[in-house]
Amino acid sequence: TLWTLTVLLMAINGLGYLALRLSGPRYGLSVAGFAGGFVSSTATIAAMGARVNEAPQLARGAVSGAVLSSLATVVQLALVIGATSLAVLKEATLPLLLAGLVAAGYGGMFARDAAKRNTGENFATGRPFDLRVALVLTATIAAVMLVAAVLTDRFGEAGLAIGALMSGLADTHAPAVAVSAVAVSGGISPAQAVVPILLAFTTNACSKCVMAVVSGGWSFALKVIPGVVLMVVASWMPVFFGLIRHLLE
């Protein structure tokens, strides 16, 4: 599984680089944000905030890139979960789909506006993929998988949820893969894996909001944060309505 994830991450980075090369300057920031999100959405948001501080006229393109980096997070989550457990992916499809649609709609709105103003930039620099980055992320996933297995063995589903919640502050993909791996081993059911994954997704979104404020100031953050929050709310809606339906039965 870890080897598959390493190759998958490098392939994703390569495709993102290709998209960046093919995009024109009108969509440069938007595409750069989406491509950067496959490596680190939080770091991408920080880069977009810094860009706004340097060139305030690029604010709408930077907001688009910041929010679309979260769309990349959702896409990559689906890919790494599917590579680990198709059963868990089936259970998580609707929450991820709703989150992705909201991020795409919100980020796309700013991307369209930025394209009309022609204030984008092209960021097609560097290499198609970075093996070091892929290996570091894979090593992180391996470590979180080990911690998740220990917590589940000692404290059950509650321990797994706490581990995912804490790990999500730094990264979403590692706890998602770890939770999926626990489901594959029979520690929890695929349906039970959804809530820990969404907990990690939520705490990671909190990190993104903080980074938006720190890197780009409140003017930038107040445009990015609604998109991130709406995305998280959308991801929890199927769980919420499922709970309501269960209570009414």
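These numbers come from a predicted model, not from an experiment.

### Considering the overall build of the chain
A count of helices and strands for the chain gives eight helices and zero strands. Per-residue burial over the chain gives 49% buried out of 249 residues. Expressed as a percentage of contacts within the chain between residues at least 6 apart in sequence, the contacts between residues at least 24 apart total 81%. Accessible surface, the chain: about 11,500 Å² in total, of which carbon and sulfur atoms supply 70%.

### Some words on helix H8 (residues 194-248)
Note that an α-helix has 3.6 residues per turn; residues three or four places apart therefore point the same way. Helix length check: H8 (55 residues) gives 21 Å between terminal C-alpha atoms against 81 Å at 1.5 Å per residue, more than 12% under. The largest bend along H8 reaches roughly 135° and is located at Gly217.

### Section: the pattern of salt bridges
One pass over the structure, following the stated rule, counts one salt bridge. Arg60 is paired through a salt bridge with Asp113; the nearest N and O atoms lie 2.9 Å apart. Of this pair, Arg60 sits in helix H3 (residues 59-84) while Asp113 sits in helix H4 (residues 86-117), placing them 53 residues apart in sequence.

### Comments concerning helix H2 (residues 28-54)
Taking 1.5 Å as the rise per residue, H2 with 27 residues should run 39 Å; its terminal C-alpha atoms sit only 16 Å apart, a clear shortfall. Roughly 130° is the biggest bend found in H2, and it falls at Ser40.

### As for the packing of aromatic side chains
Per the stated rule, a full pass over the model turns up three aromatic pairs. Seen from their ring centres, Phe34 and Phe38 are 5.1 Å apart, and the 80° between their planes marks the pair as edge-to-face. With Phe34 and Phe38 both in helix H2, this residue pair falls four residues apart, about one helical turn. According to the relative accessible area criterion, Phe38 is buried, its value standing at 8%. Where Phe240 meets Phe241, the ring centres are 5.6 Å apart and the plane angle is 70°; that geometry is what we call edge-to-face. What makes Phe240 partly exposed here is its relative accessible area of 45%.

### Things to note about a nonpolar patch on the surface
A surface patch of nonpolar side chains, about 850 Å² in accessible area, is lined by Val229, Val233, Met237, Phe240, Phe241, Leu243, Ile244, Leu247 and Leu248. Along the chain, the position of Ile244 falls in helix H8.

### Quick look at the packing of H2 against H3
At a minimum axis separation of 7 Å, H2 and H3 run at an interaxial angle of 145°. The handedness of the crossing between H2 and H3 comes out as left-handed. Taken together, the residues of the contact of H2 with H3 break down into 14 nonpolar, 12 polar and no charged.

### Quick word on the state of the cysteines
Under the defined criterion, the tally for this structure stands at zero disulfides. No disulfide involves Cys206; its nearest neighbouring cysteine sulfur is the one of Cys209, lying 6.4 Å away. Taking relative accessible area as the criterion, Cys206 reaches 44% and is therefore assigned partly exposed. The class for Cys209 is buried, based on a relative accessible area of 15%.

### Regarding the environment of Ala191
Residue position: Ala191 is located in the loop between helix H7 (173-184) and H8. What makes Ala191 partly exposed here is its relative accessible area of 44%. In the structure, Ala191 is positioned 103 residues away from Val88 in sequence and 6.8 Å away in space, judged by C-alpha atoms.

### Side note on the confidence of the model for the chain
As a general rule, the predicted coordinates of low-pLDDT regions are not to be interpreted in detail. In this model, the chain carries an average pLDDT of 80, and 75% of its residues clear a pLDDT of 70 or more. When the elements of the chain are averaged for pLDDT, helix H1 (residues 2-22) gives the smallest value, 62, and H4 the largest, 92.

### Brief notes about the side chain of Ser85
Structurally, the position occupied by Ser85 is in the loop between H3 and H4. Looking at Ser85, its side chain comes within polar contact range of the main-chain nitrogen of Val88, at 3.2 Å. Not counting chain neighbours up to four residues away, the residues in contact with Ser85 comprise Ser180 and Val184.

### Concerning the nonpolar core
Met48, Ile81, Phe201, Phe220, Val224 and Met231 are the most contacted members of the largest nonpolar core, which has 43 residues in total. At the level of secondary structure, the elements contributing two or more residues to this core comprise H2, H3, H4, H7 and H8. At 12 residues, H8 tops the list of elements feeding residues into this core.

Conventions and cut-offs
Residues numbered from 1 in each chain as written. Predicted model: local features only at pLDDT ≥ 70, side-chain atom pairs only at ≥ 80, totals over all residues. Heavy atoms only, no water. Helix = DSSP H or I, 4+ residues; strand = E, 2+ residues; numbered from the N terminus. Buried < 20%, exposed > 50% of the residue type's maximum accessible area, 1.4 Å probe, protein only. Contact = heavy atoms within 4.5 Å. Areas by Shrake-Rupley, 256 points an atom, 1.4 Å probe, with all protein chains shown as cover. Expected span 1.5 Å × (residues − 1). Bend = angle between axes of the 7 residues up to and from the residue. Salt bridge = Lys/Arg side-chain N within 4 Å of Asp/Glu carboxyl O. Phe/Tyr/Trp six-rings, centres within 6.5 Å; stacked < 30°, edge-to-face > 60°. Patch = residues over 30% accessible without salt bridge, like charges linked within 9 Å, V, L, I, M, F, W, Y side chains within 5 Å. Axes fitted to C-alpha atoms, helices over the stretch in contact; angles between N-to-C directions. Left-handed = near helix turned anticlockwise from the far one by under 90°. Nonpolar A, V, L, I, M, F, W, Y, C, P; charged D, E, K, R; others polar. Disulfide = S-S within 2.5 Å. pLDDT = per-residue confidence, 0-100. Polar contact = N/O pair within 3.5 Å; in protein donor to acceptor, adjacent residues only side chain to side chain. Core = buried A, V, L, I, M, F, W, Y, C linked by side-chain atoms within 4.5 Å.

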